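Structural overview for review
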Amino acid sequence: MNELDDLIEMGWKQGFSDDELLDYFKDLYLRFPKNSRLSYEYGGAHDYLGKEEEAIPLYKEALELGISGSFRIKTLIQLGSSYRNLGRLEESMEVLEKAVEESEGDPAAVIFLSLTLWSSGKAGEATLLALRHIYRENGGLVQRYRRSLGNYLKELEDKERDSSI
């Protein structure tokens with residue numbers, strides 16, 4: 001870890017009050033300008049406190065500054081979730097689809113996208129997305145029932161497609 005990573009970790013572990021948490025990350029954000037990680041973390045502090053409206057520009061800034069790796073995926077997920085919480089469902093869907101694609105189907109990204117689909121009145125599509133993901137992961141006893149589950153999923157997909165035409 002480097003000094004900045006240590007400072008960030010310390011901020012999350014201090015047990016600060018809400019105002020102290022925001023002040024701490026604001027201070028870091030100002031001390032290390034144009035740092036994508038701090039834009040993400042400062043946005044995360046707002047998001048953690050239910051201040052999604054203030055978090056969104058910081059997440060967008062982190063992306064514009066080129067945040068990468070797992071922090072890019074986390075930024076996309078948290079941005080998409082913030083949009084969803086504010087009822088901005090189309091923006092949420094767009095961002096979370098990107099998170100699912102870039103993460104190659106990370107389960108958290110799939111779940112957040114499923115939640116947005118559900119909130120958009122697309123419960124069937126949300127359920128199918130989650131079921132497809134579980135099926136592809138092939139964990140637990142899925143392998144044992146793979147043929148039957150594949151047939152059931154195909155049946156549900158056909159019904160969902162027919163109902164959306």
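Conventions used here
- The numbering scheme is per chain: residues are counted from 1 as the chain's sequence reads.
- Reporting of local features is limited, given that this is a predicted model, to residues whose pLDDT is at least 70; pairs of side-chain atoms are given and counted only at 80 or more, and all residues count toward the totals for whole chains, interfaces and linings.
- With hydrogens and water excluded, all non-hydrogen atoms of the structure serve as input to the side-chain values.
- Any two of the Phe, Tyr and Trp rings considered here, Trp counted by its six-membered ring, make a pair once their centres fall within 6.5 Å; the pair's planes then place it as stacked at under 30 degrees, edge-to-face at over 60, or tilted in between.
- Numbering of helices and strands runs from the N terminus, with a helix taken as a DSSP run of H or I at least four residues long and a strand as a DSSP run of E at least two residues long.
- Should the NZ of a Lys or the CZ of an Arg lie within 6 Å of a ring centre and within 35 degrees of the ring normal, that charge is described as sitting over the ring.

1. As for the packing of aromatic side chains
This model, assessed by the stated rule, comprises 7 aromatic pairs. For the ring pair tryptophan 12 and tyrosine 48, a centre distance of 5.9 Å and an interplane angle of 85° mean the geometry is edge-to-face. Of this pair, tryptophan 12 sits in helix 1 (residues 3–13) while tyrosine 48 sits in helix 3 (residues 36–48), placing them 36 residues apart in sequence. Between phenylalanine 16 and tyrosine 24, the aromatic rings sit 5.2 Å apart at their centres with planes inclined by 35°, giving tilted as the arrangement. By the ring-pair criterion, three or more aromatic residues cluster together here, those being Trp12, Phe16, Tyr24, Phe25 and Tyr48. A cation sits over an aromatic face here: lysine 74 above phenylalanine 71, 4.4 Å from the ring centre. Cation over ring: arginine 144 sits above tyrosine 145, and NZ or CZ is 5.2 Å from the ring centre.

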